[in-house]
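# Descriptive analysis of the structure
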Amino acid sequence: MVNVVGVRFKSAGKIYYFDPADQGIKPGDAVIVETARGLEHGSVVLGPRDVPEEQIVAPLKRVIRKASDKDIEQVAQNKAREKEALEVCAQKIAAHALDMHLVDCEYTFDNSKIVFYFTADGRVDFRELVKDLASVFRTRIELRQIGVRDQAKILGGIGNCGREFCCRSFLGDFQPVSIKMAKEQNLSLNPSKISGVCGRLMCCLRYECDHYEDSRSGMPEVGARVVTVEGEGKVSTVNVLRSTVSVELEGGKSMEFPAEEVEMKKPPCPEPCPAPCQATSTENVAERTGDEAEEEPPAPKRE
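Here's what I pulled together on the structure shown here. (Residues numbered from 1 in each chain as written. Predicted model: local features only at pLDDT ≥ 70, side-chain atom pairs only at ≥ 80, totals over all residues. Heavy atoms only, no water.)

A few words now on the overall build of the chain. Counting secondary structure elements, the chain contains 9 helices and 13 strands. In the chain, which comprises 303 residues, the proportion classed as buried is 30%. Taking the intrachain contacts of the chain between residues at least 6 apart in sequence as the baseline, contacts between residues at least 24 apart amount to 55%. Total accessible area on the chain stands at roughly 20,100 Å², and carbon and sulfur atoms take up 50% of it. (Helix = DSSP H or I, 4+ residues; strand = E, 2+ residues; numbered from the N terminus. Buried < 20%, exposed > 50% of the residue type's maximum accessible area, 1.4 Å probe, protein only. Contact = heavy atoms within 4.5 Å. Areas by Shrake-Rupley, 256 points an atom, 1.4 Å probe, with all protein chains shown as cover.)

Attention shifts here to the pattern of salt bridges. Applying the stated criterion across every chain yields a total of 14 salt bridges. Across the salt bridge formed by Arg 144 and Glu 142, the nearest N and O atoms sit 2.6 Å from each other. Across the pair Arg 242 and Glu 256 runs a salt bridge whose closest N-O atoms are separated by 3.3 Å. With Arg 242 in the loop between strand 10 (231-239) and strand 11 (244-249) and Glu 256 in strand 12 (residues 254-258), this residue pair connects regions lying 14 residues apart in the sequence. With relative accessibility at 56%, the residue Arg 242 sits in the exposed group. The class of Glu 256 is partly exposed, set by a relative accessible area of 37%. Through salt bridges with shared partners, a single network forms among Lys 10, Arg 37, Glu 40 and Glu 106. (Salt bridge = Lys/Arg side-chain N within 4 Å of Asp/Glu carboxyl O.)

Right, let's get into the side chain of Thr 35. The residue Thr 35 is located in strand 3 (residues 30-35) in this model. Here Arg 37 takes part through its backbone nitrogen, which lies 3.2 Å from a polar atom of the side chain of Thr 35. Here the side chain of Thr 35 touches Gly 38 through a polar contact of 2.7 Å, landing on its backbone oxygen. Beyond its immediate stretch of four places on either side in the chain, Thr 35 contacts Phe 9, Phe 18 and Glu 40. (Polar contact = N/O pair within 3.5 Å; in protein donor to acceptor, adjacent residues only side chain to side chain.)

With that settled, consider the packing of helix 1 (residues 69-96) against helix 2 (residues 127-137). Two elements in contact, helix 1 and helix 2, have axes whose closest approach is 10 Å; the angle formed by their N-to-C orientations is 145 degrees. Handedness of the helix 1/helix 2 crossing: right-handed. Across the interface between the two elements, Ala 85, Val 88, Cys 89, Lys 92, Ile 93 and His 96 of helix 1 pack against Glu 128, Leu 129, Asp 132, Leu 133, Val 136 and Phe 137 of helix 2. Its residues assigned to classes, the contact of helix 1 with helix 2 shows 8 nonpolar, 1 polar and 3 charged. (Axes fitted to C-alpha atoms, helices over the stretch in contact; angles between N-to-C directions. Left-handed = near helix turned anticlockwise from the far one by under 90°. Nonpolar A, V, L, I, M, F, W, Y, C, P; charged D, E, K, R; others polar.)

It is worth spelling out the pairing of strand 10 at this point. Pairing between strand 9 (residues 225-228) and strand 10: 4 bridges, direction antiparallel. Its bridge partner lying in strand 10, Thr 228 is registered against Gly 231. Where strand 9 hands over to strand 10, the hairpin turn is made up of 2 residues, counted between the paired strands. Across 6 bridges, strand 10 lies against strand 11 in antiparallel orientation. (Pairing = 2+ DSSP bridges.)

Okay, the sheet that holds strand 5 (residues 63-66) next. Strand order in the open sheet formed by 5 strands is 2-1-4-3-5, and the pairing between neighbours is antiparallel. Both outer strands of the open sheet, strand 2 (15-18) and strand 5, are each paired with one neighbouring strand and no more. This sheet shows a mean twist of 45 degrees between the axes of neighbouring strands, independent of strand direction. In this sheet, strand 4 (residues 38-51) lies alongside strand 3 in antiparallel orientation, the contact comprising 6 bridges. Residue pairing in the sheet places Glu 34 in a bridge with Leu 39 of strand 4.

Honestly, it's all geometry; don't read function into it.
Right under this line is the structure:
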């Protein structure tokens, strides 16, 4: 086990583990940590705890110090400079006539690098753009192409439900979402109803999918023949939330029943009945012992 703290660099970003170095760090503290990009400012969201070594990405970086007032002021200055850097980069993109959309930029804490985030339909040759930006800012420049989901996470907004984007407010990682999840929940397959502002399937389709799959496993499929207290019929709809099944009875009448009161109708035995139904299986015969087992008479000896 390794003692670590969890640090976040953005409001709904991933949580990274760092060595607390016995500095009395607690959740809510602002800290300066060592990362692959250099020194970074982050917030502690998970207090000191022991985690298995397999969950650690070696080598484990350490927390340099708790953020001081001077460090907080440095972060604020970087935020102000990011706005200016965005304007300069947008002008350079227009000057080079590049087919790319600038989304955001980020200064590292120690100003050793500026990272620009952009979206584009395909590959973009931005080598000349990087040279121009480096000559202006006199520091390392990194241009990183992101997807539409990452763009929505950075920019934020209000979803179809009237709440702030899940990816912006609390989702640390994007989980795979498929059209099958919408089918499992009997949702409309109209793309405009199950797609988010980013144009991809909504992340919330995944939230209740496991519940629907578990509930459906004990319920008949639509179209199955079932037996109810009112007689036999065919399943027309299945309501997972209410755990009920609507059945079309023989007389054309449709009724709703609790799922536990509906039994699957067994198919009739074909004629003639197959041999396994008439005779005891070899396995069962082999298990009989004592008086139930019949001994085969010994073969006569040849004289």
